[in-house]
Amino acid sequence: MGTEQAAAVEISEPLLLHEEAAVDKIRADDQEIERIPEWKDQITIRGLVVSAILGTLFCIITHKLNLTVGIIPSLNVAAGLLGFFFVKSWTGFLSKLGISVQPFTRQENTVIQTCVVACYGLAFSGGFGSYLLSMDEKTYKLIGEDYPGNRAEDVKNPGLLWMMGFIFVVSFLGLFSLVPLRKVMVLEYKLTYPSGTATAMLINSFHTNTGAELARKQVSCLGKYLSISFCWSCFKWFFSGIGDSCGFDNFPSLGLTLFKNTFYFDFSPTYVGCGLICPHIVNCSVLLGAIISWGFLWPFISQRAGDWYPADLGSNDFKGLYGYKPISSISIKTGKERKNGKRKSVMPSGLDLEWIPLGFRSHFPYSWDGLYNLIKIISVTIKEICTKRQNLPVVKEVTDRIPFWFAASGYVGLAAISTAAMPMIFPPLKWYLVLCSYILAPALAFCNSYGTGLTDWSLASTYGKIGLFIIASLVGSNGGVLAGLAACGVMMSIVSTAADLMQDFKTGYLTLSSAKSMFVSQLVGTAMGCVIAPLTFWLYWSAFDIGSPDSPYKAPYAVIYREMAILGVEGFSELPKHCLAICCGFFVAALAINLLRDVTPKKVSQFIPVPMAMAVPFYIGAYFAIDMFVGTVILFVWERLNRKDAEDYAGAVASGLICGDGIWTIPSAILSIFRINPPICMYFGPSASS
């Protein structure tokens, strides 16, 4: 996927040897595999139909996560598992009717998984919760209409047709940019691509007798928890009332005082499922970040009202903040920083975080970790290229290759089309800036793909932010914000899809799938995503109040990306009092923590928090950190009671919880479109005596 993974994976020689042995076993075991189909036979109509269904489901889930907290766990395992289940069920049904069906092979399973991942990956890299949404009028007004750098001319409201056009012209280039290097990166360098390797091992296990039995049990488990999650989300809806103050999503489970500072369990199956999937250290890091920010830092800054920033501002009043630029002058209520916060009037007395400028919150998540990891990944890449190439054996390629001329001509042709089309969609982004981006993009895509192969850590959004700052500063005040955000999308799409393609090439290599079938399935999945991702986003956009501080779908990163674009145009001089000093302090702390994680032994480093994960709740709130910590506690106890069951079924349980809650979004959106409101408002407040 295109997300920045929260934790790197250790790469070791035994894993490479295990991988090579697995490939040899598949080739040699005639009982396990009868015949490798031709590449055209690996792509089937039934597979594409299943891919479209699952792609739609996962796009809906990705949008929901993107528009609420921005943490998107990998759904690759669920894609492979559900693809296996749907096709196996269909072929079994037809067989009982006496209809002859084509056998379901691991290659077809791989094609389905690849197609689904390519489709829902665009829901992230397409920027529907970040750079595209940053362009809309609501985000512009939220930051402040009369602040320098935030111009009405840099507004482009979401539109279904132009978003589809934009996704089409930028999403395919990444697929062509690194195709000629497949043999080098997957076969010669033998990069591990841990997620791709794990997915391949899973798919291979499905197509053995014992693996098929386990897969059936996993699907049954996934279906059970999907049903529970869906029914629970439906049940919660009846008590959620009108507005954002009612229901289980606003349950002060830890008391009203902590609830005021966003510490509460909101009974979200999605976030509990994320906690089951993410490593323990990531979940604990998120909780630690929530405690540091919402437990200590924001209460401390709130006491400086009148000194560091004006104390008499309204929740949406952007005037009078010492004349600072809107980078850090946004002030919103604590309740608006939560998922569904309560009104201030019902809160007990105590520290009031209501008037903390958003800039204090929003700049920490992006200044801590990205630069360090970018430098680290590039350094590792250069080291591996220089020192290991001669030591990595070249294996004989078992599948047909994609011609270099085809990839090169495809990239050049698509780049020419995109260079001409992008200025039509975003006039401030001149054609020569787009052309320069496409000249540099393959090198950056290589760095990201190579780093992903070594560490499983894609830095697509980091490369996107680099493009954002450079283009915004080059264009300047006359359209720099809009041009920077569009350039972010260009760069992010290319490096993200290129890394995803190499992951899938690795999966295909380990399942003996053709390189051509992998490439075509990526093309088809991307084409599906160019239609499905905007359509599913439009479902949210039409049904919910996207981007509003009062909405559950507050799209926090829309504000952050627009702030970064303005920062690229205006510079750092307009940050509020002490904001830059605090940011620098956290940057140095994050650098030290990352270095400590890298130089200490694994038995020590596994207990050192991950700064990238710590940064997320600084802006969003602590509630989802509580949910994810509940998930990690459940998994921890489960592993202690029965580790094998936890390894076999935790992913299925998590996927079921996430998918069930995601599916409920569809009827919830339909009810909202028809203005059918929940009948009950379950509300919590202090008793009259208090």
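Residues numbered from 1 in each chain as written. Predicted model: local features only at pLDDT ≥ 70, side-chain atom pairs only at ≥ 80, totals over all residues. Heavy atoms only, no water.

The name an unreviewed UniProt entry gives the protein chain is Metal-nicotianamine transporter YSL6, with Sesamum calycinum as the organism. According to its UniProt record, the protein chain has this under Sequence similarities (unreviewed entry): "Belongs to the YSL (TC 2.A.67.2) family." Check the Subcellular location (unreviewed entry) section of the UniProt entry for the protein chain; it says "Membrane". (UniProt positions renumbered as here; feature names shortened; annotations may be inferred.)

J.: So what exactly am I meant to see when it comes to the state of the cysteines here?
T.: Two cysteines, two sulfur atoms, one covalent bond between them: this is a disulfide. Counting across every chain of the model gives one disulfide. Sulfur-sulfur distance for the disulfide between Cys 246 and Cys 681 comes to 1.8 Å. Taking the sign of the torsion about the S-S bond as the criterion, the disulfide between Cys 246 and Cys 681, at about -70°, is left-handed. Taken together, the residues span a long stretch of sequence, with Cys 246 in the loop between helix H10 (209-237) and helix H11 (256-260) and Cys 681 in the segment after helix H28 (643-673) at a distance of 435 residues. (Disulfide = S-S within 2.5 Å. Helix = DSSP H or I, 4+ residues; strand = E, 2+ residues; numbered from the N terminus.)

J.: Explanation requested: the packing of helix H6 (residues 160-171) against helix H21 (residues 480-510) in the structure shown.
T.: What describes two packed helices is the angle between their axes and the distance between those same axes. Direction vectors running N to C along H6 and H21 enclose 50°, while the axes themselves pass 9 Å from each other. Between H6 and H21, the interaxial angle falls into the category oblique. The hand of the H6/H21 crossing is right-handed. Two secondary-structure elements touch here, H6 through Phe 166, Val 170 and Ser 171 and H21 through Ala 486, Gly 489, Val 490, Ser 493, Ile 494 and Thr 497. Per-class residue counts for the contact of H6 with H21 are five nonpolar, four polar and no charged. (Axes fitted to C-alpha atoms, helices over the stretch in contact; angles between N-to-C directions. Parallel < 35°, antiparallel > 145°, perpendicular 65-115°, else oblique. Left-handed = near helix turned anticlockwise from the far one by under 90°. Contact = heavy atoms within 4.5 Å. Nonpolar A, V, L, I, M, F, W, Y, C, P; charged D, E, K, R; others polar.)

J.: Explain the pattern of salt bridges to me, please; I cannot follow it from the model alone.
T.: Any two side chains of opposite charge can pair if their charged atoms end up close together. Taken as a whole and judged by the stated rule, the model has eight salt bridges. For Lys 236, the salt bridge is made with Asp 249, and the minimal N-O distance between the two is 3.1 Å. Remark: Asp 249 occurs in the loop between H10 and H11 and Lys 236 occurs in helix H10; sequence separation between them is 13 residues. Among the charged side chains, a salt-bridge network with shared partners connects Arg 151, Glu 153 and Asp 154. (Salt bridge = Lys/Arg side-chain N within 4 Å of Asp/Glu carboxyl O.)

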